[in-house]
Amino acid sequence: MSSLVAHRKAINRRPVGVRVSFQLVQPATPEEAVRLLAGASAGQMSVLGGGTDLLIDIDQARASPRQVLSLRKMPWRYLRWEGSSLVVGSTLPLRTLELDRRVQQQLPGLWEAIRDVGSPALRARATLGGNVGRCSPASDLLPMLIALDARVRILGPSGVREHPVDLVLQESRKTNLGPAELIESLIFPSAAPSTYMWQRVQPVNDISQVGVATAYLPDAPHWRIALGGLQPRARRLSEAEAVLRSARPTHLEQELAAQEAARRAEFVSDKRATESYRRRLVAVMVRRALQTTIDRMPRPAAARKPSR
Amino acid sequence: MTDAALALHINGQSRRFASVPDAERLLDTLRWRAGLKGTKEGCRTGDCGACTVLVGGEPTLSCLLLSREVGDEPVTTIEGVAAVPIGQAVIKAFAEAGAVQCGYCTPGFVVALAAQLGRSKSPPDVESLVDGLEGNLCRCTGYRAIERAVALARKAVQ
Ligand SMILES: Cc1cc2nc3c(=O)[nH]c(=O)nc-3n(C[C@H](O)[C@H](O)[C@H](O)COP(=O)(O)OP(=O)(O)OC[C@H]3O[C@@H](n4cnc5c(N)ncnc54)[C@H](O)[C@@H]3O)c2cc1C
Ligand code: FES
Ligand code: FES
(Lines give C-alpha, C1' and ligand atoms only; values in the text may rest on other atoms or scores of the structure.)
(Ligands and ions follow the chains in the order given, each with its own letter.)
Protein backbone atom coordinates (compact mmCIF):
# COMPACT_ATOMS: atom_id res chain seq x y z
CA MET A 1 0.00 0.00 0.00
CA SER A 2 2.70 2.43 1.00
CA SER A 3 4.37 1.95 -2.38
CA LEU A 4 1.11 2.93 -4.09
CA VAL A 5 0.99 6.11 -2.06
CA ALA A 6 4.54 6.80 -3.17
CA HIS A 7 3.48 6.08 -6.74
CA ARG A 8 0.72 8.65 -6.60
CA LYS A 9 3.10 11.17 -5.08
CA ALA A 10 5.67 10.52 -7.78
CA ILE A 11 3.07 10.86 -10.50
CA ASN A 12 1.80 14.09 -9.01
CA ARG A 13 5.28 15.56 -9.16
CA ARG A 14 5.53 14.91 -12.88
CA PRO A 15 4.79 17.58 -15.47
CA VAL A 16 1.11 17.86 -16.18
CA GLY A 17 1.37 16.31 -19.63
CA VAL A 18 2.47 13.00 -18.18
CA ARG A 19 -0.61 12.56 -16.00
CA VAL A 20 -2.59 11.02 -18.79
CA SER A 21 -5.41 8.57 -18.91
CA PHE A 22 -7.17 6.79 -21.71
CA GLN A 23 -9.03 3.59 -22.32
CA LEU A 24 -7.12 0.88 -24.17
CA VAL A 25 -9.09 -1.27 -26.57
CA GLN A 26 -7.49 -4.43 -27.91
CA PRO A 27 -9.60 -5.82 -30.75
CA ALA A 28 -8.97 -9.44 -31.72
CA THR A 29 -9.34 -9.13 -35.50
CA PRO A 30 -8.69 -6.49 -38.18
CA GLU A 31 -12.43 -6.41 -38.97
CA GLU A 32 -13.24 -5.63 -35.35
CA ALA A 33 -10.51 -2.96 -35.28
CA VAL A 34 -11.93 -1.24 -38.36
CA ARG A 35 -15.45 -1.45 -36.94
CA LEU A 36 -14.34 0.15 -33.66
CA LEU A 37 -12.51 2.93 -35.51
CA ALA A 38 -15.50 3.57 -37.75
CA GLY A 39 -17.75 3.88 -34.69
CA ALA A 40 -15.48 6.32 -32.82
CA SER A 41 -16.11 10.05 -32.97
CA ALA A 42 -13.53 12.18 -34.74
CA GLY A 43 -10.21 12.57 -32.95
CA GLN A 44 -11.25 10.45 -29.97
CA MET A 45 -9.46 7.23 -30.85
CA SER A 46 -5.76 6.82 -31.68
CA VAL A 47 -4.15 3.76 -33.21
CA LEU A 48 -1.26 2.18 -31.29
CA GLY A 49 1.42 0.22 -33.15
CA GLY A 50 4.68 -0.02 -31.22
CA GLY A 51 3.79 3.22 -29.45
CA THR A 52 7.23 4.82 -29.74
CA ASP A 53 5.76 7.91 -31.37
CA LEU A 54 2.20 7.89 -30.07
CA LEU A 55 2.97 7.47 -26.36
CA ILE A 56 5.39 10.38 -26.46
CA ASP A 57 2.82 12.50 -28.31
CA ILE A 58 0.33 11.62 -25.58
CA ASP A 59 2.82 12.41 -22.77
CA GLN A 60 3.60 15.75 -24.35
CA ALA A 61 -0.09 16.49 -24.85
CA ARG A 62 0.27 16.65 -28.61
CA ALA A 63 -2.39 13.96 -28.74
CA SER A 64 -5.07 13.41 -26.11
CA PRO A 65 -7.24 10.54 -27.29
CA ARG A 66 -9.95 9.19 -24.99
CA GLN A 67 -9.39 5.76 -26.42
CA VAL A 68 -6.33 4.02 -27.80
CA LEU A 69 -6.81 1.12 -30.17
CA SER A 70 -4.06 -1.47 -29.89
CA LEU A 71 -2.92 -3.45 -32.93
CA ARG A 72 -1.24 -6.07 -30.73
CA LYS A 73 -3.58 -8.88 -31.71
CA MET A 74 -3.57 -8.17 -35.44
CA PRO A 75 -2.06 -11.04 -37.46
CA TRP A 76 0.39 -8.62 -39.05
CA ARG A 77 3.71 -9.55 -37.50
CA TYR A 78 5.05 -11.30 -40.55
CA LEU A 79 7.71 -10.99 -43.19
CA ARG A 80 7.54 -13.05 -46.34
CA TRP A 81 9.17 -13.17 -49.72
CA GLU A 82 7.00 -13.65 -52.77
CA GLY A 83 9.55 -14.24 -55.50
CA SER A 84 11.85 -11.25 -55.21
CA SER A 85 9.27 -9.01 -53.55
CA LEU A 86 9.15 -8.60 -49.80
CA VAL A 87 5.89 -8.23 -47.89
CA VAL A 88 6.12 -6.90 -44.34
CA GLY A 89 3.18 -6.85 -41.95
CA SER A 90 2.67 -3.36 -40.53
CA THR A 91 3.08 -4.39 -36.88
CA LEU A 92 6.26 -6.42 -37.27
CA PRO A 93 8.91 -4.92 -34.97
CA LEU A 94 11.73 -3.28 -36.93
CA ARG A 95 14.14 -5.42 -34.92
CA THR A 96 12.85 -8.59 -36.61
CA LEU A 97 13.45 -7.09 -40.06
CA GLU A 98 16.91 -6.01 -39.02
CA LEU A 99 17.85 -9.53 -37.90
CA ASP A 100 16.77 -11.06 -41.22
CA ARG A 101 19.80 -11.92 -43.34
CA ARG A 102 17.91 -11.88 -46.61
CA VAL A 103 16.62 -8.36 -45.98
CA GLN A 104 20.18 -7.24 -45.34
CA GLN A 105 21.44 -8.86 -48.54
CA GLN A 106 18.65 -8.01 -50.93
CA LEU A 107 17.52 -4.63 -49.65
CA PRO A 108 20.70 -3.25 -48.08
CA GLY A 109 19.42 0.33 -48.08
CA LEU A 110 16.28 -0.64 -46.19
CA TRP A 111 18.37 -2.55 -43.69
CA GLU A 112 20.62 0.47 -43.16
CA ALA A 113 17.68 2.80 -42.71
CA ILE A 114 16.09 0.47 -40.16
CA ARG A 115 19.33 0.25 -38.19
CA ASP A 116 19.32 4.03 -37.94
CA VAL A 117 15.98 4.17 -36.12
CA GLY A 118 16.73 4.76 -32.44
CA SER A 119 18.37 1.88 -30.57
CA PRO A 120 17.89 -1.91 -30.61
CA ALA A 121 15.57 -1.73 -27.59
CA LEU A 122 13.45 0.90 -29.37
CA ARG A 123 13.33 -1.18 -32.53
CA ALA A 124 12.04 -4.11 -30.46
CA ARG A 125 8.69 -2.24 -30.52
CA ALA A 126 8.82 0.37 -33.31
CA THR A 127 7.13 -0.69 -36.56
CA LEU A 128 7.03 0.21 -40.25
CA GLY A 129 3.30 0.89 -40.01
CA GLY A 130 3.94 3.43 -37.25
CA ASN A 131 6.70 5.15 -39.19
CA VAL A 132 4.40 5.63 -42.18
CA GLY A 133 1.50 6.59 -39.89
CA ARG A 134 3.59 9.24 -38.12
CA CYS A 135 4.88 10.63 -41.43
CA SER A 136 7.71 12.54 -39.79
CA PRO A 137 9.65 14.85 -42.14
CA ALA A 138 12.79 13.58 -40.37
CA SER A 139 11.93 9.89 -40.71
CA ASP A 140 14.82 7.66 -41.74
CA LEU A 141 12.58 5.03 -43.27
CA LEU A 142 10.35 7.11 -45.52
CA PRO A 143 13.04 8.22 -48.00
CA MET A 144 14.08 4.58 -48.43
CA LEU A 145 10.48 3.39 -48.76
CA ILE A 146 9.93 5.99 -51.46
CA ALA A 147 13.17 5.12 -53.28
CA LEU A 148 12.24 1.43 -53.25
CA ASP A 149 8.77 2.16 -54.62
CA ALA A 150 7.16 0.50 -51.59
CA ARG A 151 3.41 0.02 -51.73
CA VAL A 152 1.10 0.39 -48.78
CA ARG A 153 -1.80 -2.03 -48.29
CA ILE A 154 -4.58 -0.29 -46.46
CA LEU A 155 -7.56 -1.96 -44.82
CA GLY A 156 -10.76 -0.03 -44.21
CA PRO A 157 -14.54 -0.29 -43.97
CA SER A 158 -14.83 -0.72 -47.75
CA GLY A 159 -12.10 -3.31 -48.09
CA VAL A 160 -8.47 -3.16 -49.10
CA ARG A 161 -6.67 -0.60 -51.25
CA GLU A 162 -3.05 -0.41 -52.27
CA HIS A 163 -1.02 2.66 -53.17
CA PRO A 164 2.58 3.70 -53.64
CA VAL A 165 3.83 5.08 -50.33
CA ASP A 166 4.48 8.43 -52.01
CA LEU A 167 0.73 8.90 -52.48
CA VAL A 168 -0.11 7.96 -48.90
CA LEU A 169 2.22 10.46 -47.21
CA GLN A 170 1.15 14.06 -46.70
CA GLU A 171 2.89 15.97 -43.94
CA SER A 172 3.95 15.57 -40.33
CA ARG A 173 1.32 13.48 -38.49
CA LYS A 174 -0.82 13.41 -41.62
CA THR A 175 -1.39 10.69 -44.22
CA ASN A 176 -4.24 10.12 -46.61
CA LEU A 177 -5.56 7.25 -44.48
CA GLY A 178 -9.24 7.60 -43.63
CA PRO A 179 -10.24 7.71 -39.95
CA ALA A 180 -11.23 4.03 -39.95
CA GLU A 181 -8.35 2.80 -42.09
CA LEU A 182 -5.31 0.83 -41.01
CA ILE A 183 -2.04 -0.01 -42.70
CA GLU A 184 -2.00 -3.77 -43.06
CA SER A 185 1.34 -4.31 -44.79
CA LEU A 186 4.08 -2.83 -46.91
CA ILE A 187 5.21 -4.37 -50.15
CA PHE A 188 8.69 -3.93 -51.57
CA PRO A 189 8.30 -4.97 -55.22
CA SER A 190 11.87 -6.08 -55.82
CA ALA A 191 15.28 -6.64 -54.35
CA ALA A 192 17.48 -3.66 -55.24
CA PRO A 193 21.01 -2.40 -54.75
CA SER A 194 20.30 0.52 -52.43
CA THR A 195 21.91 2.78 -49.87
CA TYR A 196 20.75 4.96 -47.01
CA MET A 197 22.93 7.67 -45.51
CA TRP A 198 22.17 10.23 -42.84
CA GLN A 199 23.83 13.08 -41.06
CA ARG A 200 23.18 13.88 -37.43
CA VAL A 201 24.85 15.71 -34.60
CA GLN A 202 24.92 12.55 -32.47
CA PRO A 203 24.91 9.10 -34.05
CA VAL A 204 22.20 7.55 -31.88
CA ASN A 205 18.77 8.69 -30.78
CA ASP A 206 19.14 11.95 -32.59
CA ILE A 207 17.08 13.28 -35.43
CA SER A 208 18.67 13.28 -38.85
CA GLN A 209 19.41 16.65 -40.39
CA VAL A 210 19.34 15.07 -43.81
CA GLY A 211 18.69 11.53 -45.07
CA VAL A 212 19.59 10.31 -48.54
CA ALA A 213 18.17 7.14 -50.07
CA THR A 214 19.29 5.80 -53.43
CA ALA A 215 18.22 2.63 -55.21
CA TYR A 216 18.59 1.00 -58.58
CA LEU A 217 15.32 -0.75 -59.44
CA PRO A 218 14.69 -3.36 -62.15
CA ASP A 219 11.93 -1.18 -63.67
CA ALA A 220 12.50 2.13 -65.41
CA PRO A 221 13.23 4.77 -64.34
CA HIS A 222 15.86 2.60 -62.70
CA TRP A 223 17.61 5.14 -60.53
CA ARG A 224 15.68 6.51 -57.55
CA ILE A 225 16.87 9.26 -55.28
CA ALA A 226 14.77 10.32 -52.30
CA LEU A 227 15.59 12.76 -49.54
CA GLY A 228 14.45 13.12 -45.95
CA GLY A 229 14.83 16.09 -43.64
CA LEU A 230 12.88 18.41 -45.90
CA GLN A 231 9.45 19.97 -45.58
CA PRO A 232 6.71 18.93 -45.63
CA ARG A 233 8.03 15.38 -45.92
CA ALA A 234 10.47 13.07 -47.68
CA ARG A 235 10.25 13.05 -51.44
CA ARG A 236 11.74 11.74 -54.66
CA LEU A 237 13.88 14.00 -56.79
CA SER A 238 13.09 12.93 -60.32
CA GLU A 239 15.08 15.85 -61.77
CA ALA A 240 18.22 14.46 -60.20
CA GLU A 241 17.33 10.89 -61.17
CA ALA A 242 16.96 11.96 -64.80
CA VAL A 243 20.63 12.85 -64.98
CA LEU A 244 21.59 9.21 -64.46
CA ARG A 245 21.33 7.39 -67.75
CA SER A 246 22.95 4.04 -67.10
CA ALA A 247 23.38 1.46 -64.37
CA ARG A 248 26.91 2.71 -63.82
CA PRO A 249 26.82 6.46 -64.31
CA THR A 250 30.11 8.29 -64.70
CA HIS A 251 31.55 10.42 -61.91
CA LEU A 252 30.44 13.50 -63.80
CA GLU A 253 26.85 12.25 -64.00
CA GLN A 254 26.88 11.39 -60.31
CA GLU A 255 28.16 14.86 -59.50
CA LEU A 256 25.52 16.53 -61.68
CA ALA A 257 22.77 14.44 -60.08
CA ALA A 258 24.03 15.39 -56.63
CA GLN A 259 24.01 19.08 -57.51
CA GLU A 260 20.56 18.84 -59.02
CA ALA A 261 19.32 17.17 -55.81
CA ALA A 262 20.87 19.89 -53.68
CA ARG A 263 19.28 22.58 -55.84
CA ARG A 264 15.79 21.10 -55.98
CA ALA A 265 15.26 19.97 -52.38
CA GLU A 266 12.90 22.14 -50.29
CA PHE A 267 15.09 22.46 -47.25
CA VAL A 268 14.32 24.84 -44.43
CA SER A 269 16.46 26.17 -41.61
CA ASP A 270 15.55 24.87 -38.18
CA LYS A 271 17.24 24.13 -34.88
CA ARG A 272 19.02 21.10 -36.38
CA ALA A 273 20.66 22.73 -39.40
CA THR A 274 20.47 25.70 -41.70
CA GLU A 275 19.10 25.39 -45.17
CA SER A 276 22.46 26.07 -46.81
CA TYR A 277 24.22 23.50 -44.61
CA ARG A 278 21.63 20.91 -45.61
CA ARG A 279 22.19 21.66 -49.30
CA ARG A 280 25.93 21.24 -48.98
CA LEU A 281 25.45 18.00 -47.07
CA VAL A 282 23.11 16.62 -49.66
CA ALA A 283 25.43 17.38 -52.55
CA VAL A 284 28.12 15.26 -50.89
CA MET A 285 25.85 12.54 -49.58
CA VAL A 286 24.00 11.90 -52.84
CA ARG A 287 27.28 11.38 -54.64
CA ARG A 288 28.49 8.96 -51.98
CA ALA A 289 25.20 7.09 -51.83
CA LEU A 290 25.18 6.64 -55.60
CA GLN A 291 28.72 5.30 -55.59
CA THR A 292 27.90 2.91 -52.73
CA THR A 293 24.84 1.67 -54.58
CA ILE A 294 26.91 1.06 -57.71
CA ASP A 295 29.45 -0.83 -55.62
CA ARG A 296 26.63 -3.02 -54.33
CA MET A 297 25.49 -4.09 -57.79
CA PRO A 298 26.27 -7.62 -58.86
CA ARG A 299 29.52 -7.53 -60.86
CA PRO A 300 28.94 -7.59 -64.60
CA ALA A 301 29.92 -11.03 -65.87
CA ALA A 302 33.18 -10.07 -67.56
CA ALA A 303 33.59 -13.32 -69.44
CA ARG A 304 30.09 -13.32 -70.87
CA LYS A 305 29.93 -12.84 -74.64
CA PRO A 306 28.02 -9.77 -75.78
CA SER A 307 24.55 -10.91 -76.85
CA ARG A 308 24.86 -9.58 -80.39
CA MET B 1 -13.43 4.20 -16.11
CA THR B 2 -12.53 1.57 -13.51
CA ASP B 3 -9.05 0.14 -13.65
CA ALA B 4 -8.97 -3.61 -14.18
CA ALA B 5 -6.54 -6.12 -12.72
CA LEU B 6 -3.49 -7.16 -14.70
CA ALA B 7 -1.47 -10.38 -14.72
CA LEU B 8 2.17 -10.46 -15.86
CA HIS B 9 4.96 -13.03 -15.88
CA ILE B 10 7.88 -11.32 -14.21
CA ASN B 11 11.21 -13.01 -13.51
CA GLY B 12 9.66 -16.45 -13.78
CA GLN B 13 6.73 -15.70 -11.47
CA SER B 14 3.10 -14.97 -12.21
CA ARG B 15 2.21 -11.64 -10.69
CA ARG B 16 -1.22 -10.11 -10.42
CA PHE B 17 -1.86 -6.46 -9.83
CA ALA B 18 -5.17 -4.97 -8.81
CA SER B 19 -6.55 -1.92 -10.64
CA VAL B 20 -3.89 -0.92 -13.15
CA PRO B 21 -4.81 2.11 -15.30
CA ASP B 22 -4.78 1.42 -19.04
CA ALA B 23 -2.25 4.20 -19.62
CA GLU B 24 0.29 2.79 -17.14
CA ARG B 25 3.77 2.01 -18.48
CA LEU B 26 5.57 -1.23 -17.70
CA LEU B 27 8.30 0.85 -16.04
CA ASP B 28 5.84 2.11 -13.43
CA THR B 29 4.19 -1.25 -12.88
CA LEU B 30 7.60 -2.81 -12.26
CA ARG B 31 8.89 -0.13 -9.94
CA TRP B 32 5.80 0.89 -8.05
CA ARG B 33 3.58 -2.18 -8.05
CA ALA B 34 6.02 -5.10 -8.31
CA GLY B 35 8.53 -3.28 -6.10
CA LEU B 36 11.35 -4.00 -8.54
CA LYS B 37 13.31 -0.78 -8.21
CA GLY B 38 16.33 -1.99 -10.15
CA THR B 39 14.80 -0.76 -13.39
CA LYS B 40 15.46 2.97 -13.59
CA GLU B 41 13.58 5.88 -15.06
CA GLY B 42 15.93 8.24 -16.87
CA CYS B 43 14.18 10.17 -19.58
CA ARG B 44 10.81 8.52 -20.18
CA THR B 45 11.17 9.40 -23.85
CA GLY B 46 13.10 6.40 -25.17
CA ASP B 47 16.45 8.17 -25.24
CA CYS B 48 18.53 6.78 -22.37
CA GLY B 49 18.04 3.03 -22.00
CA ALA B 50 17.99 3.13 -18.17
CA CYS B 51 14.56 1.46 -18.21
CA THR B 52 15.63 -1.50 -20.38
CA VAL B 53 14.08 -4.85 -19.46
CA LEU B 54 13.65 -8.04 -21.44
CA VAL B 55 10.24 -8.70 -22.94
CA GLY B 56 10.09 -12.08 -24.61
CA GLY B 57 13.89 -12.16 -24.25
CA GLU B 58 14.44 -8.94 -26.27
CA PRO B 59 15.79 -5.76 -24.67
CA THR B 60 12.84 -3.36 -24.63
CA LEU B 61 12.29 0.15 -23.28
CA SER B 62 9.81 -0.23 -20.43
CA CYS B 63 9.06 3.51 -20.41
CA LEU B 64 7.51 3.26 -23.89
CA LEU B 65 5.46 0.13 -23.33
CA LEU B 66 1.98 -0.01 -21.88
CA SER B 67 1.78 -2.72 -19.21
CA ARG B 68 -1.36 -4.04 -20.85
CA GLU B 69 0.45 -4.48 -24.15
CA VAL B 70 2.86 -7.03 -22.69
CA GLY B 71 0.32 -9.85 -22.82
CA ASP B 72 1.75 -13.24 -21.95
CA GLU B 73 5.32 -12.46 -22.98
CA PRO B 74 7.72 -13.06 -20.09
CA VAL B 75 9.32 -9.96 -18.55
CA THR B 76 12.82 -10.15 -17.08
CA THR B 77 14.14 -7.23 -15.08
CA ILE B 78 17.66 -6.61 -13.77
CA GLU B 79 16.63 -8.55 -10.64
CA GLY B 80 15.90 -11.59 -12.84
CA VAL B 81 19.06 -11.13 -14.92
CA ALA B 82 21.13 -10.89 -11.72
CA ALA B 83 19.84 -14.31 -10.70
CA VAL B 84 21.33 -16.21 -13.64
CA PRO B 85 25.02 -17.00 -14.35
CA ILE B 86 25.35 -14.78 -17.44
CA GLY B 87 23.87 -11.84 -15.58
CA GLN B 88 26.19 -12.44 -12.67
CA ALA B 89 29.19 -12.59 -14.99
CA VAL B 90 28.20 -9.27 -16.56
CA ILE B 91 27.70 -7.60 -13.18
CA LYS B 92 31.08 -8.86 -12.00
CA ALA B 93 32.72 -7.58 -15.18
CA PHE B 94 31.17 -4.12 -14.65
CA ALA B 95 32.47 -4.02 -11.09
CA GLU B 96 35.95 -5.22 -12.05
CA ALA B 97 36.27 -2.79 -14.95
CA GLY B 98 35.24 0.16 -12.81
CA ALA B 99 32.29 0.67 -15.15
CA VAL B 100 29.95 1.70 -12.35
CA GLN B 101 30.15 5.20 -10.96
CA CYS B 102 26.76 6.57 -9.88
CA GLY B 103 25.29 3.28 -11.13
CA TYR B 104 22.04 4.72 -12.43
CA CYS B 105 22.63 3.51 -15.99
CA THR B 106 24.10 0.14 -14.96
CA PRO B 107 20.95 -2.00 -14.79
CA GLY B 108 20.04 -1.01 -18.34
CA PHE B 109 23.52 -1.80 -19.63
CA VAL B 110 23.64 -5.13 -17.80
CA VAL B 111 20.25 -6.25 -19.10
CA ALA B 112 21.07 -5.25 -22.69
CA LEU B 113 24.51 -6.89 -22.61
CA ALA B 114 23.38 -10.09 -20.87
CA ALA B 115 20.67 -10.52 -23.52
CA GLN B 116 23.25 -10.27 -26.30
CA LEU B 117 25.61 -12.70 -24.61
CA GLY B 118 22.83 -15.18 -23.92
CA ARG B 119 21.58 -15.21 -27.49
CA SER B 120 24.12 -17.55 -29.07
CA LYS B 121 26.71 -20.13 -28.00
CA SER B 122 29.63 -18.14 -29.31
CA PRO B 123 29.30 -14.47 -28.35
CA PRO B 124 29.61 -11.77 -31.05
CA ASP B 125 32.83 -9.73 -31.14
CA VAL B 126 33.32 -6.86 -28.69
CA GLU B 127 32.59 -4.25 -31.32
CA SER B 128 29.15 -5.57 -32.15
CA LEU B 129 28.38 -6.08 -28.46
CA VAL B 130 29.25 -2.42 -27.87
CA ASP B 131 27.12 -1.46 -30.89
CA GLY B 132 24.23 -3.26 -29.27
CA LEU B 133 24.52 -0.90 -26.30
CA GLU B 134 24.19 2.22 -28.45
CA GLY B 135 20.85 3.12 -26.87
CA ASN B 136 22.25 3.10 -23.33
CA LEU B 137 23.57 6.41 -22.09
CA CYS B 138 26.00 6.92 -19.23
CA ARG B 139 26.78 10.35 -17.86
CA CYS B 140 29.64 9.29 -15.62
CA THR B 141 32.09 6.83 -17.06
CA GLY B 142 32.90 8.20 -20.48
CA TYR B 143 32.17 4.68 -21.80
CA ARG B 144 35.79 3.50 -21.83
CA ALA B 145 35.31 1.47 -18.66
CA ILE B 146 32.07 0.10 -20.02
CA GLU B 147 33.84 -1.09 -23.14
CA ARG B 148 36.37 -2.82 -20.90
CA ALA B 149 33.50 -4.42 -18.98
CA VAL B 150 32.02 -5.70 -22.24
CA ALA B 151 35.31 -7.36 -23.17
CA LEU B 152 35.66 -8.86 -19.69
CA ALA B 153 32.09 -10.15 -19.67
CA ARG B 154 32.52 -11.65 -23.11
CA LYS B 155 35.60 -13.52 -21.97
CA ALA B 156 33.87 -14.72 -18.83
CA VAL B 157 30.94 -16.36 -20.63
CA GLN B 158 32.96 -17.84 -23.50
C1 LIG C 1 14.23 7.72 -28.78
C2 LIG C 1 13.60 7.67 -30.14
C3 LIG C 1 14.41 7.66 -31.26
C4 LIG C 1 13.84 7.59 -32.53
N5 LIG C 1 14.68 7.60 -33.59
C6 LIG C 1 14.16 7.56 -34.84
C7 LIG C 1 15.02 7.58 -35.97
O8 LIG C 1 16.23 7.60 -35.83
N9 LIG C 1 14.46 7.54 -37.21
C10 LIG C 1 13.12 7.48 -37.38
O11 LIG C 1 12.67 7.43 -38.53
N12 LIG C 1 12.27 7.47 -36.33
C13 LIG C 1 12.75 7.51 -35.06
N14 LIG C 1 11.90 7.51 -33.99
C15 LIG C 1 10.45 7.55 -34.21
C16 LIG C 1 9.70 6.22 -34.12
O17 LIG C 1 10.38 5.27 -33.35
C18 LIG C 1 9.40 5.62 -35.50
O19 LIG C 1 8.65 6.55 -36.23
C20 LIG C 1 8.66 4.30 -35.42
O21 LIG C 1 8.77 3.63 -36.66
C22 LIG C 1 7.19 4.44 -35.09
O23 LIG C 1 6.59 3.16 -35.04
P24 LIG C 1 5.57 2.75 -33.87
O25 LIG C 1 5.02 1.42 -34.22
O26 LIG C 1 6.22 2.85 -32.55
O27 LIG C 1 4.49 3.89 -34.03
P28 LIG C 1 3.27 4.33 -33.08
O29 LIG C 1 3.75 5.28 -32.08
O30 LIG C 1 2.55 3.13 -32.61
O31 LIG C 1 2.39 5.06 -34.16
C32 LIG C 1 2.80 6.24 -34.83
C33 LIG C 1 1.63 6.80 -35.63
O34 LIG C 1 1.24 5.89 -36.65
C35 LIG C 1 -0.09 5.43 -36.46
N36 LIG C 1 -0.07 3.98 -36.74
C37 LIG C 1 0.72 3.05 -36.16
N38 LIG C 1 0.54 1.85 -36.75
C39 LIG C 1 -0.41 2.02 -37.71
C40 LIG C 1 -1.04 1.15 -38.66
N41 LIG C 1 -0.72 -0.16 -38.74
N42 LIG C 1 -1.98 1.66 -39.48
C43 LIG C 1 -2.30 2.97 -39.41
N44 LIG C 1 -1.73 3.85 -38.56
C45 LIG C 1 -0.79 3.38 -37.71
C46 LIG C 1 -0.44 5.76 -35.03
O47 LIG C 1 -1.80 6.01 -34.88
C48 LIG C 1 0.38 7.01 -34.79
O49 LIG C 1 -0.30 8.11 -35.29
C50 LIG C 1 12.43 7.56 -32.69
C51 LIG C 1 11.62 7.56 -31.56
C52 LIG C 1 12.18 7.61 -30.30
C53 LIG C 1 11.29 7.60 -29.10
S1 FES D 1 13.58 5.99 -19.26
FE2 FES D 1 13.16 4.68 -20.91
S3 FES D 1 14.68 5.19 -22.33
FE4 FES D 1 15.03 6.62 -20.76
S1 FES E 1 27.54 5.34 -13.99
FE2 FES E 1 26.47 7.17 -13.71
S3 FES E 1 25.25 7.27 -15.51
FE4 FES E 1 26.50 5.58 -15.90
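What counts, and at which threshold
Residues numbered from 1 in each chain as written. Chains lettered and ligands numbered in written order. Predicted model: local features only at pLDDT ≥ 70, side-chain atom pairs only at ≥ 80, totals over all residues. Heavy atoms only, no water. Domains from an automatic or database assignment. Helix = DSSP H or I, 4+ residues; strand = E, 2+ residues; numbered from the N terminus. Buried < 20%, exposed > 50% of the residue type's maximum accessible area, 1.4 Å probe, protein only. Phe/Tyr/Trp six-rings, centres within 6.5 Å; stacked < 30°, edge-to-face > 60°. Lys NZ or Arg CZ within 6 Å of the ring centre and 35° of its normal. Core = buried A, V, L, I, M, F, W, Y, C linked by side-chain atoms within 4.5 Å. Contact = heavy atoms within 4.5 Å.

1. Quick word on the domain arrangement of chain A
- We note that the domain assignment places domain 1 (20-70), domain 2 (79-188) and domain 3 (194-295) within chain A.
- A straight line from the C-alpha centre of domain 1 of chain A to that of domain 3 of chain A covers 35 Å.

2. Section: unusual backbone geometry
- Residue Ala 220 of chain A is joined to Pro 221 of chain A through a cis peptide bond whose omega torsion reads -10°.
- Counting through the fold element by element, Pro 221 of chain A comes out in the loop between strand E12 (210-216) and strand E13 (223-228).
- The peptide bond linking Gln 231 of chain A to Pro 232 of chain A adopts the cis configuration, its omega dihedral lying at 0°.
- Within the element layout of this structure, Pro 232 of chain A appears in the loop between E13 and strand E14 (235-236).
- Despite not being glycine, Ser 19 of chain B has its phi angle at roughly 40°, a positive value.
- Examined against the element boundaries, Ser 19 of chain B turns out to sit in the loop between strand E2 (13-17) and helix H1 (26-33).
- In this structure Ser 19 of chain B comes out as partly exposed when scored by relative accessible area, which is 37%.
- Unusually for a residue other than glycine, Tyr 143 of chain B sits at a positive phi of about 75°.
- By secondary structure assignment, the location of Tyr 143 of chain B is in the loop between helix H5 (126-131) and helix H6 (144-157).

3. Observations regarding the packing of aromatic side chains
- Across all of its chains, the model carries two aromatic pairs over all chains by this definition.
- Ring geometry for Tyr 216 of chain A and Trp 223 of chain A: centres 5.1 Å apart, planes at 65°, overall edge-to-face. Of the two residues, Tyr 216 of chain A and Trp 223 of chain A, both sit in the buried class.
- Pairing Phe 94 of chain B with Phe 109 of chain B gives two aromatic rings, centres 6.3 Å apart and planes at 45°, and the pair type is tilted. On the criterion of sequence distance, the pair formed by Phe 94 of chain B in helix H3 (residues 85-96) and Phe 109 of chain B in helix H4 (residues 106-119) is long-range, its members being 15 residues apart.
- With a relative accessible area of 1%, Phe 94 of chain B lands in the buried category.
- Above the plane of the ring of Trp 81 of chain A lies Arg 102 of chain A, whose end atom (NZ or CZ) is 4.1 Å from the centre.

4. Some thoughts on the nonpolar core
Residues and elements named next belong to chain A.
- Counting residues in each nonpolar core, the largest one holds 47 residues, and the members touching the most others are Leu 110, Leu 145 and Phe 188.
- Each of two domains, domain 2 (79-188) and domain 3 (194-295), supplies a minimum of three residues to this core.
- In this structure, Phe 188 is in contact with Ser 84, Ser 85, Leu 86, Val 88, Leu 107, Leu 110, Leu 128, Leu 145, Leu 148 and Ala 150, ignoring residues within four places of it in sequence.
- Formed by 26 residues, the second largest nonpolar core is a distinct cluster that contains Val 210, Trp 223, Ile 225 and Ala 262.

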